[in-house]
Amino acid sequence: MIKREYGIAMRDGIELKSLVFLPGEGSHPLVMVRTPYGKEQFEAYTGLFLQAGLGVFLQDVRGTGASAGEFTPIVNEENDSLDTLAWLKEQEWYNGRLGLLALSYLGSATLALAALSDDVKAVVASSVPYEINNGVLGDGNVFMLHHTLPWHILTSKDKKMVDFSWPDTYKQLPLVDVLDDPNWETWLKNMDNEEFWEQFNLEGYVRKIEAPVLHFGGWWDFLLSSVTGMYRILEEEGNYRQKLILGPWSHNGILGNATELAGIDYGSSSPFLEETLAWFSNWLKEVNYEMEGPEVKAFLMNSNEWVEGNAWPHEKLVNIAWAMTGAGELNLLQGPQAFPPSSGAAETFFEYDPKHPAKTQGGAVWEFPAGGLEPGSVEQDKAKPGRALIYTSVPLAQEITILGEIVVQLVVSTDAPATDFAVKLIDIYPDGSRRLVKDGIREVCFNHLEKEPDDRYPATRISLSLGETGYTYKVGHRLQVEVGSSNFPKYARSLNQPDRFFSEETPVALNAMHFDASFANRIITPLLFQGEED
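Anyway, here's the lowdown on the structure attached to this text.

About the criteria used
Residues numbered from 1 in each chain as written. Predicted model: local features only at pLDDT ≥ 70, side-chain atom pairs only at ≥ 80, totals over all residues. Heavy atoms only, no water. Helix = DSSP H or I, 4+ residues; strand = E, 2+ residues; numbered from the N terminus. Rg over C-alpha atoms; globule rule 2.2 N^0.38 Å. Buried < 20%, exposed > 50% of the residue type's maximum accessible area, 1.4 Å probe, protein only. Contact = heavy atoms within 4.5 Å. Areas by Shrake-Rupley, 256 points an atom, 1.4 Å probe, with all protein chains shown as cover. Lys, Arg positive; Asp, Glu negative; His and termini not counted. Charge placed at Lys NZ, Arg CZ, Asp CG, Glu CD. Expected span 1.5 Å × (residues − 1). Pairing = 2+ DSSP bridges. Axes fitted to C-alpha atoms, helices over the stretch in contact; angles between N-to-C directions. Phe/Tyr/Trp six-rings, centres within 6.5 Å; stacked < 30°, edge-to-face > 60°. Lys NZ or Arg CZ within 6 Å of the ring centre and 35° of its normal. Arc of directions from axis to C-beta.

This brings us to the overall build of the protein. Across its full length, the protein holds 11 helices and 23 strands. In terms of overall dimensions, the protein is globule-like: its C-alpha atoms have a radius of gyration of 24 Å, near the 24 Å expected for 534 residues. Going through the 534 residues of the protein one by one, you find that 58% of them count as buried. When contacts within the protein are restricted to residue pairs at least 6 apart in sequence, long-range pairs at least 24 apart make up 74% of them. Of the accessible surface of the protein, which amounts to about 21800 Å², a share of 47% is contributed by carbon and sulfur atoms. Here the protein contributes 42 positively and 75 negatively charged side chains, and the mean placements of these two sets differ by 3 Å.

Here it is as structure tokens:
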């Protein structure tokens, strides 16, 4: 094994520190990692690639680790990655065949190469935030505080996580004052500025990728939508040399070897390293075998089985709706177990006080024990009376498997000019324990409308995504939907006004759901049909 250290000058003279590992003399294909988290932490994985005859190139991106300059997310990555590749092309030990290990921001730092260079022969991608709604904002346009705040600290040269008091740091108001960092302040000031965020939009790069791509995603990864989103974009663009693997992993757990998460044993660990090594070996060593096996593999939690297919969403899905009623029921609207929803109340109310937000308990969150964050199907506390609305099904007479994106449709109102509606889907076990399946949130704003102080804003229909999953509800279990207005600190809490970043005011809101004969309040679950084909 040969190890070398280099300082590579960019077009503006800034030097980026890099490490190269080679399996021996001569020229070799390379696996590239460009990271803001310190290149040394990836040295532990180099041996696997070297044994397979692949070299490894590690680099601290600008303004991080040992590299010079100032770190500004995304802005310099295209030029710096292209300048780095130009330097590599001049080295006799590089044979012109490049693989990209594109994990999370590591992918953001190399997507330009995947799109613009013929040297890139293979990509392994996971959780690459190629646009704001699968990175900074969740699908419901609500700021993902739990990760974005510590991420700014982790990528800073002069701040450390241990210097902050967690989880109290999340609670400070105004939010902009929590961190003395120019990137933090700039992001919050421009949260509604589409032109500002366009500089971080990497979808154009994604659409130009022609190299084979292996996608890895975890059901408990807060960036999962970026994985399936990239897969679908490349399908649209005609890149059919793809593989998608979805399993019961968290954001960091994709790289790990744990078999359980949140106390649930899934029976096997992530095959990420094995699959990655096979992918790069196949495409970088001038073998270029045709892909074997199914294009998509998805793990079904609770049944601990894999299901295979050649498309995402899966080919054998049926969307089934469950109605929420004013009587607190969750009733199946179709299928053999369906029965008519009861009427119940025409409207039900709950109070949301930003000083007492509902605490995040599990789900698709970043692993951060000091911040009180644990990913996975964590057992749920019961909501405090008057702070949320609960809808529960009867025990299931047969098991069902949800595979894909869960969508919730609500008819809601509020007396606040802006607030959030947060939804959890829960699995109630026969012993009464309640474990989280998925959650989502959506901001609702009425500040463009005028009303009298004691009036409410008009009821409105909203739709929100709980994201994608593969989950089996067993016989005797019940589905439960919980509707509130916060999931903190996963998402920055609404202050019941349009400004959630610069204000310290926390007025209380009275929020409501409205019901009629149309059963418009519903959750739509994609169920996997596993019966015999005609």
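Turning our attention to helix H2 (residues 77–89). Compared with an ideal rise of 1.5 Å per residue, which puts 13 residues at 18 Å, H2 spans 18 Å between its outermost C-alpha atoms and is within 8% of the ideal. Within the sequence span of H2, burial applies to Glu-77, Asp-80, Ser-81, Asp-83, Thr-84, Leu-85, Trp-87 and Leu-88.

Right, let's get into the sheet that holds strand E21 (residues 478–484). An order of E16-E21-E18-E19 is seen for the four strands of this open sheet, with the pairing classed as antiparallel. The outermost strands of the open sheet, each flanked by one partner alone, are strand E16 (389–392) and strand E19 (434–445). Each strand axis lies, on average, 15° off the axis of its neighbour in the sheet, ignoring direction. Strand direction decides the pairing type here: E16 and E21, joined by four bridges, are antiparallel. Each residue of the ladder has a partner; that of Ile-390, found in E21, is Glu-482.

A few words now on the packing of aromatic side chains. With the rule as written, the count across this model stands at 31 aromatic pairs. Aromatic pair Trp-366 and Phe-368: ring centres 5.2 Å apart, planes at 40°, arrangement tilted. Members of the aromatic cluster, connected to one another through ring pairs, are Phe-71, Tyr-105, Trp-151, Trp-187, Phe-196, Trp-197 and Phe-200. For Arg-241, the ring lying beneath its charged end belongs to Trp-283, and the centroid distance is 5.4 Å. The ring of Trp-306 carries the charged tip of Lys-297 above its face, separated from the ring centre by 5.0 Å.

Take helix H7 (residues 182–189) next. Of all the positions in H7, only Asn-183, Trp-184, Trp-187 and Leu-188 are classed as buried. The buried residues of H7 all sit within an arc of 125° when viewed along its axis, so they share a single face. Exposed residues pointing more than 90 degrees away from the buried face of H7 are listed as Pro-182 and Lys-189. Considering only its buried residues, H7 is in contact with helix H5 (145–154) and helix H8 (194–197).

What follows is about the sheet that holds strand E2 (residues 15–22). Spatially, the 10 strands line up as an open sheet ordered E1-E2-E4-E3-E5-E6-E7-E8-E11-E12, and their pairing is mixed. With one partner strand each, in any of the chains shown, strand E1 (2–9) and strand E12 (305–309) form the two edges of the open sheet. Averaged over neighbouring strand pairs, the angle between their axes works out to 20° when direction is ignored. Here three bridges tie strand E6 (residues 120–126) to strand E7 (residues 213–220), and the two strands are oriented parallel to one another.

What follows deals with the environment of Asn-319. Mapping Asn-319 onto the fold places it in strand E13 (residues 317–324). Counting along the chain gives 224 residues from Asn-319 to Asn-95, while the straight-line C-alpha distance between them is 49 Å. Those residues in contact with Asn-319, other than ones at most four positions away along the chain, are Gln-334, Ile-524, Thr-525 and Pro-526.

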